[in-house]
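# Coordinates in review
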Amino acid sequence: MSFVALTAAMGVTKRLLSSLAGSAAVPVPAASVATSIAISAGDGQSRTVGLALLTNPAVIVKDQFNVVMSGVTVNWTALFGTLSAASSATNGSGVASIGLTLNVMVGVDTITATVGSLSVQFTATGTADVAAIISPATSTDQSGTVNTAVATPPGVLVVDQYGNPKSGVTVTFAVTAGAGTRDPATVDSAASTGLATLTSWTLGGSAGLNTLTATAAGLAGSPVTFNANASASLPTQIAVPAG
């Protein structure tokens, strides 16, 4: 290269370096950081106890630019139920989900999804299974006076296979010995308690054993039998012979 050409090249390089030195620095994009987590699906469900939710709880995670984030680990906890895993990762849409099987006891479960210091909660309600068992809720052996109501009206408890009270089950009460009366003839088990209780059971007019049954078709323990021993009433008047 000739001396003239070398000098020209050096001048171009010097001007280029001078231009770069005077230009503003190119900003480096900030790294994405998870700043929000929100419910995407599966909140507020109700399902029979012991079963998996039909819709998996799901969250969506976004960064400081409100852009969905993939590959973020979401940690899950449940107050009572059983989760399918302890954590799951967000997909390309920023969504992470988890399976949950409800506990066998009725009530509200709380599921928490956490990313760092961010968290969101879901609720899921477990409802009673089908009625399975009937059992006495009051004493099955009482005593009283003929033609008088027993002190404690007979009652039964209806539950599912896990022992949860079951409402809306029709229980039929029938007098089977002693010729007494009951009121009413049928009672539906009550909501929340599963109890079906008579208003009254009046013993028959003769001294001896009175028997009452409570029946709910298809349930283990049916019929439930209640006994009451009727005693003759004491005299209320004494007649004194004349003379």
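About the criteria used
- Residues numbered from 1 in each chain as written.
- Predicted model: local features only at pLDDT ≥ 70, side-chain atom pairs only at ≥ 80, totals over all residues.
- Heavy atoms only, no water.
- Helix = DSSP H or I, 4+ residues; strand = E, 2+ residues; numbered from the N terminus.
- Buried < 20%, exposed > 50% of the residue type's maximum accessible area, 1.4 Å probe, protein only.
- Contact = heavy atoms within 4.5 Å.
- Areas by Shrake-Rupley, 256 points an atom, 1.4 Å probe, with all protein chains shown as cover.
- Phe/Tyr/Trp six-rings, centres within 6.5 Å; stacked < 30°, edge-to-face > 60°.
- Core = buried A, V, L, I, M, F, W, Y, C linked by side-chain atoms within 4.5 Å.

## Brief notes about the overall build of the protein
- If you tally the helices and strands in the protein, you get one helix and 20 strands.
- Buried positions account for 28% of the 243 residues belonging to the protein.
- Here the contacts in the protein between residues at least 6 apart in sequence split such that 57% fall between residues at least 24 apart.
- Accessible surface computed for the protein: about 13,500 Å², of which carbon and sulfur atoms make up 58%.

## Re the packing of aromatic side chains
- Per the counting criterion, the structure on display carries one aromatic pair.
- The interplanar angle of 40° and the centroid separation of 6.0 Å between the aromatic rings of tryptophan 76 and phenylalanine 122 together place this pair among those described as tilted. Within this pair, whereas tryptophan 76 is found in strand E4 (residues 73-78), its partner phenylalanine 122 is found in strand E10 (residues 118-127), the two being separated by 46 residues in sequence. Here tryptophan 76 and phenylalanine 122 have matching classes, each one buried.

## Topic: the nonpolar core
- One finds Ile134, Val156, Val171, Phe173, Trp201, Ala214 and Phe226 to be the most contacted residues of the largest nonpolar core, which totals 21 residues.
- Sorting the residues of this core by element identifies strand E13 (155-160), strand E14 (170-177), strand E19 (208-215) and strand E20 (224-231) as the ones contributing at least two each.
- Per element, the largest residue contribution to this core is four residues, and it comes from E20.
- Ile37, Met69, Val74 and Phe122 belong to the second largest nonpolar core, which has 18 residues in total.

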